[in-house]
Amino acid sequence: MAEAADIQGTGPSPARRWLRRTITVAFGAPLLAGLLHGPVAAAPVAAAPAAAAEDAGGSRTVDVSLDTLAPSAPVEGDTVTITGTVTNRGKKTVTDATVNLRVGPRMTSRSEIDQVTGRTGFRNDSDPAPLGGAPTVKIPRLGAGLSSDFSLSVPVSELGLDEEGVYQLGVSLTGQTSDRQYDRVLGIERTFLPYQPEAAEKKTQLTYLWPLIASAHVSAQTATDDQQTPVFQDDDLADELRPGGRLDQLVSLGKDLPVTWVVDPDLLASVDAMANGYRVKDGDRDVPGRNQALAERWLDSLEKAVQGHKVVALPFADPDLASLAHRGKDVPGSLGHLQSATSLAGMTVETVLHVQASTDFAWPVDGAVDPAIAAVATSAGADKVIARSDSVRDDLPYTATAARPLGNGSTTAVVSDALLSTAFEGDMVRAENSTLAVQEFLAQSLAVTLEQPEDQRSIVVAPQRMPTTAQAQAMATALEGLSGRRWTQPSDLLAAAAAKPDPDASTTVPSSSRYPKKLRDRELPVQAFRDMKTTRDELDDFKVILTQPERVVTPFGNAIDREMSTSWRGEARAAAIYRNSVLDYLQSLTKGVQLVDKSDLTLSGRSATIPVTVQNKLLQDVDHLVLRLTSANKNRLELDGDGYQELPVKVGGGHSQSVKFTASANVNGQVPMTAQLYTQDGTPYGQPMNFTVKVSEITPTVMLVIAGGVLLLVLAGVRMYSQRKRVAARNAEAEAAEAAESAEDEAASEPGPDGSGEEEARGDEPGQPSDPTPDTGPESGDPSGPGEKVDR
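The shown structure was predicted, so the numbers you read here are calculated from the model rather than taken from an experiment.

Peer 1: Please explain the nonpolar core as it appears in this structure.
Peer 2: In summary, soluble globular proteins display a tendency toward joint burial of nonpolar side chains. Within the largest apolar cluster, 75 residues are counted, with the highest numbers of intra-cluster contacts made by Phe542, Ile610, Leu627, Leu629, Leu637, Met673 and Val693. Each residue touching Phe542, except ones within four places of it in the same chain, is listed here: Val552, Leu586, Leu589, Thr590, Leu618 and Tyr685. Membership of the second largest hydrophobic core comes to 69 residues, among which are Val116, Tyr208, Leu302 and Leu442.

Structure, rendered in structure tokens:
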């Protein structure tokens, strides 16, 4: 009873208790020693009063875990049941232990709830006595390291809840150990019991944001088909979509809750791409994705879940507004991507979910704002900023309505409640953590209503951006605990933003010096925005030569938006890898249009054409290119009457084109040449190509010498032919004479009428002279000499 009196505040003061204990030790110990036949038994009895004043040290020997508490917000006629586990964390066995229920007095403020949450061990001066007449659980023996389950059920009528409000509810274990054989509190766990049996006259309007956000998974690469099938960096998104996954649970739980859906349009676009067929990177290649049906099922569930609810669309890919404000706004073009991301948001949500989404809200990380963040957040058209009360602080004894004008009044700040918004951060996998978080959330929300019961206020809860499955389940349990609507009633974010501001609420934008260092340290670096600019500049140079630029601009523009995503916080290496992969792929495409290397040329003659080949490895045609060929010495070799010549270029997809330049030689020698592609606005495209032209001009004197030599060769041939003809003629005459002589001899040898005879003249016809021997050899099939021959 003395312990109970101390807790309730009706017992003696601490000074009086100290004096009483001193007197007891001084005068009672000798008397007890004489009565107990020896000094051995005196120690435990003398120590017993000290146990009553024991603080957190020994009271953490046993860990008390509260796994369930139902109902979480009881009313008259209910029976409260608490289940849990006690675990001996000490090295000695606990004996004669009892698990008790302790109900404290009604709490009067939110700060008092917060103080109780921070306590650990048992405290005589603040923890109530065990509830008289309530059930207990006996545990005769609990060995070191062992656990034991317990369950306590108490009717609400026996809890001593005098009036509506928040009560401290504790479960403790009292027992003994071998070194201290007297009853003392060895462990305690505290929670809260919100008690509002009747509906409040002025209920708090409570808006709960239900974030549907994921990290980036889609690359800038697309397949070569007409549909431009997207290529994913990995298939990890499927794990979140499958039954029991994080995104699956958010949809399954959220569909029955009074929440405002806050959606990243990039997530919707990514899942929609999966549902229509996608590919996944696998080393240096990509393979078909295998979770198309899974994506279709999730999108169908989400479309049904959001019906009748308000949907807020963040800018595409959920850009990190603080990083942009602090590190990226001075890098040219960065703010432009924020504007395009905002424009794309509403269209994406309507296309995928067939609902109208609000795009008027910007949500900085953890609701932390400063002047730079506020300026950037509204630069893309959003006129409302979701801040948090630990950033925009109200110096008021109560919780103010969330909405208020910020700064010069052109922006509306919707200030979420910090304690309620962070209630479910941390590990919610353990049942105890989840139970304690739910009870604290309900207690804080009731305390808000009871702060000024005559005034209705509107509060907003903006939880962590990407809650885990366990965190989402705990959030859903808390909202179900408010389903009785006895002190709150649900609202949506649009209504919260339009609520009448509290005239005493702060409207000052916090200074940049108050921005949390832990958040600033996790921002994207300046180099990240410079990398984005490099990609953006190369994309601008590339798209102007394409006949179908949308096939490149859209996937790369979305990829640059993803490079700015809030999901990269704490993932600096992964973010850099993603940025590099986007730029590398873009450069591989731009190199698909290039000049084919040339070997050195030899130019013989005063004029010729020099061919330069342009190759297009892309699947679409390229146009609006100009090829410039420049002579390093126009006095030796000029192009179209000048030192350079430009010709337009248009090359079909997968083809090459030879562009021919007119060259005129003036002086012999070597001339360095440079070929360079340009876009029509004069921007160099790709790398220049260098080669050398060797000019070898043929002069008139050389031509005369060559002509004289040819003439001599012709005359020599004619002479040889004439000589051969004369020799043949003489031979023919000699043969004819010899034949005639033979004929005369034969005629003389035959008798004639007078006895004389004459031989008949006959002989062979003279043969034809042979054709002259050719003076040129057969045509050679060997290749020409080194160097490239130019067209003339």
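Peer 1: Please clarify how the packing of aromatic side chains should be interpreted in this entry.
Peer 2: Two measures describe an aromatic ring pair: the distance that separates the ring centres and the angle between the ring planes. Scanning the model with the defined rule gives six aromatic pairs in all. Taking 5.5 Å as the distance between ring centres and 40 degrees as the angle between the ring planes, the aromatic pair formed by Phe424 and Phe441 counts as tilted. With Phe424 in the loop between α12 (418-421) and α13 (431-451) and Phe441 in helix α13, the pair connects residues that are 17 residues apart, well separated along the chain. Comparing Phe424 with Phe441 shows no difference in burial state: the two are buried. Through successive ring pairs, a cluster of aromatic residues spans Tyr208, Trp210, Phe424 and Phe441.

Peer 1: Teacher, can you tell me more about unusual backbone geometry here?
Peer 2: Going from Ala70 to Pro71, the amide bond is cis rather than trans, its omega being -10 degrees. Note on placement: Pro71 falls in the loop between β1 (62-70) and β2 (79-88). Of note, Asp96 is a non-glycine position whose phi angle comes to about 50 degrees, a positive value. Residue placement: Asp96 occurs in strand β3 (residues 94-107). With a phi angle near 55 degrees, Asp366 is a residue other than glycine that sits in the positive phi range. Turning to its location among the elements, Asp366 is positioned in the loop between β15 (361-362) and α11 (371-379). Residue class for Asp366 comes out partly exposed when judged on its relative accessible area of 32%.

Peer 1: How should helix α18 (residues 550-563) be read in this particular structure?
Peer 2: An α-helical turn contains 3.6 residues, so a residue and the one three or four places further along point in the same direction. Helix length check: α18 (14 residues) gives 20 Å between terminal C-alpha atoms against 20 Å at 1.5 Å per residue, within 8%. With 10 of its 14 residues buried, α18 lies for the most part within the structure. As for α18, its buried residues are in contact with β9 (218-222), α7 (265-275), α10 (334-353), α17 (526-543) and α19 (572-590).

Peer 1: I keep staring at the pattern of salt bridges and nothing clicks. Help me out?
Peer 2: Between side chains of opposite charge, a pair can form as their charged atoms come close. The tally for this structure, following the rule as stated, stands at 28 salt bridges. Residues Lys533 and Asp537 are paired through a salt bridge, measuring 2.7 Å at the closest nitrogen-oxygen approach. Remark: Asp537 and Lys533 occur in helix α17; sequence separation between them is four residues, near one turn of the helix. Using a relative accessible area of 31% as the deciding quantity, one classes Asp537 as partly exposed. Here the salt bridges do not stand alone but share partners, grouping Asp320, Arg327, Glu523 and Arg569 into one network.

Peer 1: Looking at this model, I keep getting lost on the side chain of Gln168. Mind explaining?
Peer 2: Mapped onto the fold, Gln168 is located in strand β6 (residues 165-177). Residue Gln168 is classed as buried on the basis of its relative accessible area of 5%. Among the polar contacts listed, one links the side chain of Gln168 to the side chain of Asp127, at a separation of 3.1 Å. Ignoring any residue separated from it by four or fewer positions in sequence, one finds Gln168 in contact with Arg102, Val103, Gly104, Pro105, Met107, Val116, Arg119, Ser126, Asp127, Pro128, Arg190 and Thr191.

Peer 1: In this structure, what is going on with the sheet that holds strand β27 (residues 656-665)? I would like to understand it.
Peer 2: Taken together, four strands build an open sheet; the order of strands is β21-β23-β27-β25 and the sheet is antiparallel. The sheet is open, and its two edges are formed by β21 (593-595) and β25 (637-639), each paired on a single side. Across this sheet, the average inter-strand angle for adjacent strands is 35 degrees, counted without regard to direction. As defined by bridge partners, β25 adjoins β27 across three bridges and the pair is classed as antiparallel. Looking at the pairing, Leu639 lines up with Ala663 of β27.

Peer 1: How should I be thinking about the sheet that holds strand β17 (residues 403-406) in this particular structure?
Peer 2: Two modes of strand pairing occur in sheets, parallel and antiparallel, and in both the strands are linked by backbone hydrogen bonds. Pairing is mixed in the open sheet, where four strands are placed in the order β15-β16-β18-β17. The open sheet has two free edges, formed respectively by β15 and β17, since each of these has just one partner strand. Where strand β16 (residues 384-388) and strand β18 (residues 411-416) come together, five bridges link them in parallel fashion. Opposite Ile386, over in β18, you have Val414 as the bridge partner.

Peer 1: Is there a simple way to think about a negative patch on the surface in this case?
Peer 2: A grouping of Glu76, Asp162, Glu163, Glu164 and Glu198 is seen on the molecular surface, where their side chains present a negatively charged patch. As for its placement among the helices and strands, Glu163 is situated in the loop between β5 (147-155) and β6.

Conventions we followed
Residues numbered from 1 in each chain as written. Predicted model: local features only at pLDDT ≥ 70, side-chain atom pairs only at ≥ 80, totals over all residues. Heavy atoms only, no water. Core = buried A, V, L, I, M, F, W, Y, C linked by side-chain atoms within 4.5 Å. Buried < 20%, exposed > 50% of the residue type's maximum accessible area, 1.4 Å probe, protein only. Contact = heavy atoms within 4.5 Å. Phe/Tyr/Trp six-rings, centres within 6.5 Å; stacked < 30°, edge-to-face > 60°. Helix = DSSP H or I, 4+ residues; strand = E, 2+ residues; numbered from the N terminus. Expected span 1.5 Å × (residues − 1). Salt bridge = Lys/Arg side-chain N within 4 Å of Asp/Glu carboxyl O. Polar contact = N/O pair within 3.5 Å; in protein donor to acceptor, adjacent residues only side chain to side chain. Pairing = 2+ DSSP bridges. Axes fitted to C-alpha atoms, helices over the stretch in contact; angles between N-to-C directions. Patch = residues over 30% accessible without salt bridge, like charges linked within 9 Å, V, L, I, M, F, W, Y side chains within 5 Å. Areas by Shrake-Rupley, 256 points an atom, 1.4 Å probe, with all protein chains shown as cover. Lys, Arg positive; Asp, Glu negative; His and termini not counted. Charge placed at Lys NZ, Arg CZ, Asp CG, Glu CD.

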